[in-house]
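Each chain, letter by letter, is given below.
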Amino acid sequence: MTQDWIASAGQPLQGTLDIPGDKSVSHRAVMFAALADGTSTIDGFLEGEDTRATAAIFSRLGVQVETPSPSRRIVHGVGVDGLKAADGALDCGNAGTGMRLLAGLLAAQPFDSVLVGDESLSKRPMRRVTGPLATMGARIDTEDGGLPPLRIQGGHSLRGIDYTLEVASAQVKSAVLLAGLYAEGETVVREPHPTRDYTERMLKAFGVDINFSPGFARLRGGQRLKATDIAVPADFSSAAFFLVAASIIPGSALRLRAVGLNPRRTGLLQALRLMGADITEENASEHGGEPVVDLVVRHAPLRGIEVPEALVPDMIDEFPALFIAAACAEGPTVVRGAAELRVKESDRLASMANGLRAMGLRVDETPDGATIFPGELLGGVVDSHGDHRIAMAFSIAGQVAKGEVRIGDIANVATSFPNYDGLATGAGFALRKA
């Protein structure tokens, strides 16, 4: 049975919010701590279903992972050669990051593994990961169309490659680099556009000798990781919904504390500022190699823009939020170069376009983007297709709509943003379960 939300006109958003920990950093922190020599402590770990699934997988691979308190993990690393075969399939839940990175890691192990996911993840293509891994010598079988489950044959020696990604993807890059830790020789990954570099930064924090710059990464196989403590910053992708909501709801003023501003993650921040958003940065610091700031956002009139294509790879998860900002701007907003959105948890271009049409707007789709024509948002019924970011985006739209908005299939919000509705209603949203 699916769960729905009812969103309606709320209050101006006020106060200071602590956004949950960064999902991408949380996944990697558990993985790299498990592979390290020694014990690592992770603070700010995201208590979401996706990240818990990754932690549970490493427990099944023979790693002791303690939870002394919420958002804290103590990981007793077993070293790069210490993982053990699991009894049965490993369930990644809805976590595409978990499945793709684990594919690279498990392809190098001496034992067989099977990676499975939920209904949504089972529809997401994995060939862009399995292809380069096969070039390195991995053996991974999939369902027709390159879909999960991934059946990984262990015991195959891997060799380093110099690989240029056809489509920029931090997950594919990370999978190849993880396999490269076990490969003979050097592994080089080149990207057509730079993507977020969480893996490179964190490998360096764990003592790996890795050379990286925007669009490029190189490491040699055979290195070991040294345990280190990680403080996970607040997740920018989660903060994005409140940046947009406070921008479009009159009278709003919010402070979002200690948000990670990885330079390959903040395309939405730049796009919103081009649209006229009032967002300032305060209390800059650094957590585990990641830049962190407080973001202070106040309501401001937005104008439609042509989103610079150079920003697209750095905001691929934030487009659902951007679509809502565009719906409330003055003048149309044009998005190009975002074909990646069609193979996320849902076809996000189609899902956002159809949802906005259901609320009375005109949206013209193209294969790699859309033009959003703003107007008065009406109440209506929209389907999130089980995609957490679609659901949260339309919860924002409901705050400025003329009538109630029913948002279908919202259960997966817990995968990336536990207690989103509680935090949102505490700030001023009108949002309830149907």
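You'll find the structure just up there.
Note that the coordinates shown come from a computational prediction; the quantities given were computed from them, not determined experimentally. (Residues numbered from 1 in each chain as written. Predicted model: local features only at pLDDT ≥ 70, side-chain atom pairs only at ≥ 80, totals over all residues. Heavy atoms only, no water.)

J.: Break down the packing of aromatic side chains for me, citing the residues and quoting the values.
T.: On inspection of all chains with the given rule, the structure shows eight aromatic pairs. With 5.7 Å between their ring centres and 40° between their planes, tryptophan 5 and tyrosine 420 make a pair best called tilted. With tryptophan 5 in strand 1 (residues 4-8) and tyrosine 420 in helix 13 (residues 420-427), the pair connects residues that are 415 residues apart, well separated along the chain. For tryptophan 5, a relative accessible area of 2% puts it in the buried group. Residue classification places tyrosine 420 among the buried residues on the basis of a relative accessible area of 1%. Each member of the aromatic cluster is reached from another via a ring pair, and the members are Trp5, Phe241, Phe242, Phe417, Tyr420 and Phe429. The ring of phenylalanine 373 has arginine 362 lying over it, and the distance from NZ or CZ to the ring centre is 3.9 Å. (Phe/Tyr/Trp six-rings, centres within 6.5 Å; stacked < 30°, edge-to-face > 60°. Helix = DSSP H or I, 4+ residues; strand = E, 2+ residues; numbered from the N terminus. Buried < 20%, exposed > 50% of the residue type's maximum accessible area, 1.4 Å probe, protein only. Lys NZ or Arg CZ within 6 Å of the ring centre and 35° of its normal.)

J.: Before we move on, could you go through the pairing of strand 23 (residues 402-408) and cite the residues and values that matter?
T.: Note: strand 1 against strand 23, four bridges, orientation antiparallel. Paired with isoleucine 6 across the bridge in strand 23 is arginine 406. Judged from the five bridges that link them, strand 22 (residues 378-383) and strand 23 form a sheet pairing that is parallel. The residue of strand 23 that forms the bridge with aspartate 383 is glycine 408. As a crossover connection, the stretch from strand 22 through helix 11 (residues 388-397) into strand 23 is right-handed. (Pairing = 2+ DSSP bridges. Right-handed = clockwise from strand over helix to strand, strands pointing away.)

J.: An account of helix 2 (residues 49-60) is requested, with residue identities and associated values reported.
T.: The end-to-end C-alpha distance of helix 2, which contains twelve residues, comes to 16 Å, matching closely the 16 Å that a straight helix rising 1.5 Å per residue would cover. Immediately downstream of helix 2, the backbone of glycine 62 shows phi near 95°, a positive value. (Expected span 1.5 Å × (residues − 1).)

J.: Please give an account of the sheet that holds strand 19 (residues 333-335) that cites residues and values.
T.: Taken in spatial order, the three strands make up an open sheet running 19-21-20, and their pairing is antiparallel. The open sheet has two free edges, formed respectively by strand 19 and strand 20 (362-366), since each of these has just one partner strand. On average, each strand axis in the sheet is tilted by 10° relative to the strand beside it, whichever way the strands run. On the sheet, helix 9 (residues 319-327) packs against strand 19 and strand 21 (369-373) and is oriented at approximately 30° with respect to strand 21. Helix 10 (residues 348-358) rests against strand 20 and strand 21 of the sheet, and its axis sits at about 160° to strand 20. (Axes fitted to C-alpha atoms, helices over the stretch in contact; angles between N-to-C directions. Contact = heavy atoms within 4.5 Å.)

J.: Outline the nonpolar core, supporting the account with residue identities and numerical values.
T.: Counting 79 residues, the largest nonpolar core has Phe242, Leu256, Phe319, Ile324, Leu356, Phe394 and Tyr420 as its most contacted members. Of all the elements, helix 7 (residues 236-248) adds the most residues to this core, at ten residues. Those residues in contact with phenylalanine 242 that sit more than four places away from it in its chain are Leu17, Ile19, Leu254, Leu256, Val297, Phe417, Tyr420, Leu423, Ala424 and Phe429. Membership of the second largest hydrophobic core comes to 63 residues, among which are Leu35, Leu177, Leu181 and Ala183. (Core = buried A, V, L, I, M, F, W, Y, C linked by side-chain atoms within 4.5 Å.)

J.: An account of the layout of surface pockets is requested, with residue identities and associated values reported.
T.: Its boundaries defined by the atoms lining it, the largest pocket holds a volume of some 630 Å³. Along its surface, the largest pocket is lined by 38 residues, and Ala168, Ser169, Ile316, Glu340 and Lys344 are the ones closest to its centre. If you list the elements that add at least two residues to the lining of the largest pocket, you get helix 1 (23-35), helix 3 (96-106) and helix 5 (170-182). Of the residues assigned to the lining of the largest pocket, the class counts are twelve nonpolar, nine polar and 17 charged. (1 Å grid on protein atoms, 1.4 Å probe; cavity = no way out; pocket = protein on both sides within 12 Å on 5 of 7 lines; lining within 4 Å. Points joined across faces, edges and corners; volume = space filled by probe spheres on them. Nonpolar A, V, L, I, M, F, W, Y, C, P; charged D, E, K, R; others polar.)

J.: I'd like a rundown of helix 3, residues and numbers included.
T.: In terms of burial, helix 3 is a largely internal element, eleven of the eleven residues being buried. Buried within helix 3 are the following residues: Gly96, Thr97, Gly98, Met99, Arg100, Leu101, Leu102, Ala103, Gly104, Leu105 and Leu106.

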